[in-house]
Amino acid sequence: MSFWKQASSHTLITASAFAVMFIGFSPGIAQSNPELTLEQALKALPNSLDWQQADLSYLTAQKSLDSARAAAGLRLNAGADTSLGFPSSGNSSQTLSVSATASLTVLPWSSTFDAVRSAERALARAELDRNDSRNTLALNVFNQYFTARLSSSDLELGKTNLSLSEAQLKVATAQQKNGQISKDNLLNAQKTFETSKLNLEQALNTLEVNRLTVWNTLNLEISDAVFSSIPSERTLSTASLDDLSAKALTKRSDVQKAISRIVDAQDALSSAQRDRVLPNASVNVGVTNTGAGSLSSGLNLQTGSLSVTGTVPIVANTSANTTTGSSAASNLTVSASISFPIIAPSGDGKISSAETALESAKKTLEQTKQSAKLDIRQKYNDAKLTLAKLNLAKTTSANAKSGFETAKARFEAGLNTPNDLEQSRIAVLQAERDFEQAVVNQVLAAYRLENAIGTLNILPGGNL
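Residues numbered from 1 in each chain as written. Predicted model: local features only at pLDDT ≥ 70, side-chain atom pairs only at ≥ 80, totals over all residues. Heavy atoms only, no water.

(A) Region of interest: the overall build of the chain. The helix and strand inventory of the chain stands at 10 helices and eight strands. Here the chain holds 464 residues, and 36% of them are scored as buried. Across the chain, contacts joining residues at least 24 apart in sequence account for 79% of those joining residues at least 6 apart. Just so you have it, the chain exposes about 26,000 Å², and 55% of that area is on carbon and sulfur atoms. (Helix = DSSP H or I, 4+ residues; strand = E, 2+ residues; numbered from the N terminus. Buried < 20%, exposed > 50% of the residue type's maximum accessible area, 1.4 Å probe, protein only. Contact = heavy atoms within 4.5 Å. Areas by Shrake-Rupley, 256 points an atom, 1.4 Å probe, with all protein chains shown as cover.)

(B) Fine view of helix H7 (residues 241-251). Regarding H7, the residues found buried are Leu241, Leu244, Ser245, Ala248 and Leu249. An end-on view of H7 places all buried positions within 140° of arc, on one side of the element. Of the exposed residues in H7, those oriented more than 90 degrees away from the buried face are Asp242 and Thr250. Where H7 is buried, its residues contact helix H8 (253-277), helix H9 (345-412) and helix H10 (418-453). (Arc of directions from axis to C-beta.)

(C) A look at the nonpolar core. The biggest cluster of nonpolar side chains holds 31 residues, and the ones touching the most others in it are Leu45, Phe142 and Ile458. For this core, the elements supplying multiple residues, two or more each, are helix H3 (38-43), helix H5 (111-177), helix H6 (183-218), H9 and H10. It is H5 that contributes the most residues to this core, eight residues altogether. The contact partners of phenylalanine 142, leaving out residues within four places of it in the chain, are Leu38, Val440, Val443, Leu444, Tyr447 and Ile458. (Core = buried A, V, L, I, M, F, W, Y, C linked by side-chain atoms within 4.5 Å.)

(D) Focus on the packing of aromatic side chains. Summed over the entire model, instances satisfying the criterion amount to five aromatic pairs. Look at tyrosine 145 and phenylalanine 227: their rings are 5.1 Å apart centre to centre, the planes differ by 75°, and that puts the pair in the edge-to-face class. One end of the pair, tyrosine 145, is in helix H5; the other, phenylalanine 227, is in strand S4 (residues 226-227), with 82 residues separating them in the sequence. Given the relative accessible area of 0%, tyrosine 145 is considered buried. (Phe/Tyr/Trp six-rings, centres within 6.5 Å; stacked < 30°, edge-to-face > 60°.)

(E) Seen up close, the environment of phenylalanine 193. By the element assignment, phenylalanine 193 lies in helix H6. For the pair phenylalanine 193 and serine 165, spaced 28 residues apart in the sequence, the C-alpha separation amounts to 5.0 Å. Setting aside residues no more than four positions away along its own chain, phenylalanine 193 makes contact with Leu162, Ser165, Glu166 and Leu169.

(F) Molecular detail of the pattern of salt bridges. Scanning all chains against the criterion turns up 23 salt bridges. Its salt-bridge partner being arginine 69, residue glutamate 120 comes within 3.3 Å of it at the nearest N-O pair. Taken together, the residues span a long stretch of sequence, with glutamate 120 in helix H5 and arginine 69 in helix H4 (residues 49-71) at a distance of 51 residues. By relative accessible area, which is 43% here, arginine 69 ends up partly exposed. (Salt bridge = Lys/Arg side-chain N within 4 Å of Asp/Glu carboxyl O.)

(G) The arrangement of the pairing of strand S6 (residues 293-300) in detail. By the bridge criterion, eight bridges tie strand S5 (residues 280-289) to S6 in an arrangement that is antiparallel. Looking across to S6, one finds that asparagine 284 is bridged to glycine 298. Pairing between S6 and strand S7 (residues 305-315): seven bridges, direction antiparallel. Paired with glycine 298 across the strands is serine 307, a residue of S7. Here S6 folds back onto S7 in antiparallel fashion, the turn holding four residues, of which glycine 304 has a positive phi close to 75°. (Pairing = 2+ DSSP bridges.)

(H) View of the pairing of strand S8 (residues 330-339). Burial of S8 is sparse: only zero of the 10 residues sit out of reach of the surface. Sheet analysis places S5 next to S8, joined by 10 bridges and oriented antiparallel. Bridging from a neighbouring strand, alanine 281 pairs with isoleucine 338 of S8.

Structural data, given as structure tokens:
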């Protein structure tokens, strides 16, 4: 009977443990601190340094395309030319003229247009990289958010376990004094109490680190906000693994980038073959007037560039002995040149290198497809496994609740102690915490499968 008296004396301690437990897990805790929902965290992603770095990488590709397009447009240069002569007759002469040249790429096989097409494909790949970075960052924030949330649950469980172990230690101390248990049992109770204190300290440190991780990732100021969103199970696609793999090959970014690089290699091969057989030819037409200047135009067939140059003399001759009254004369000149590459080792080498690069790009695409299929299979199996674990967690939680109801009935019948009832209640809370972890794992696995397929859309309003 002394044991029951001693156990009853700790009812107040147990009741206080109940209070800690219910305060820690009740919605009322959010009233004292601001809330941070998962949607708010995802909307804050543009603040992240990783997000901004991905934007800068995309902007760099955009600037490169703008530069390539500008190089294919109209170009205008201006210049001046002067000379001063001292002939043996002693009469000096000076000339000064200004000129302007306008050039424009007009032929479609120009390397300038090749550079534009290459820059356009590079920009498309940069956009895929940016989307990948954003999706990866969103998945990381999702994981970090619920890791911090579960760390809060672990802290409250740690507090409750410490209160219970303290109550159990007091009971064991009284029992050992009364000779009801051995000293070894008392030492075990002390060990449990000390372990609970260490676990609580570890839970506190883990929570601090996990919360800081969220703020650092989002690049936000540290706050005491409560992570209030509750995860909900995500429905998996009913499509077969083969159908998902086929869909992925049309949507995955790594596959799309590998295809883009094949087009790059094909373009490079076409350019090398064209340069090998295309003659270096040009046509020039000019009009020169000894008094008014000159105007000339030229077309280079190899570079595809059309240019027009005009020259106007400002100072023709300042010699005192210059004969005046001579009439200006105009001359029309037409010239053409052509050179055929017959033996061109460098051109042949470029073709051979481009052919090798094309074959390499094709092999890379096949390897990428194989890796994609394997990745999808792994993510598919992970999603199925986490769903099975979630169902197990549901059963475990239901069993814990049933066990608590049994313990409660036994307590009301006087068949167990308040500490026994408290221990059963903690088991329910632990099972509920593990169930939430199982939901998070299931949703994360589903998202990773969708990301592997190329259909992930976790960000608010799409992929932003």
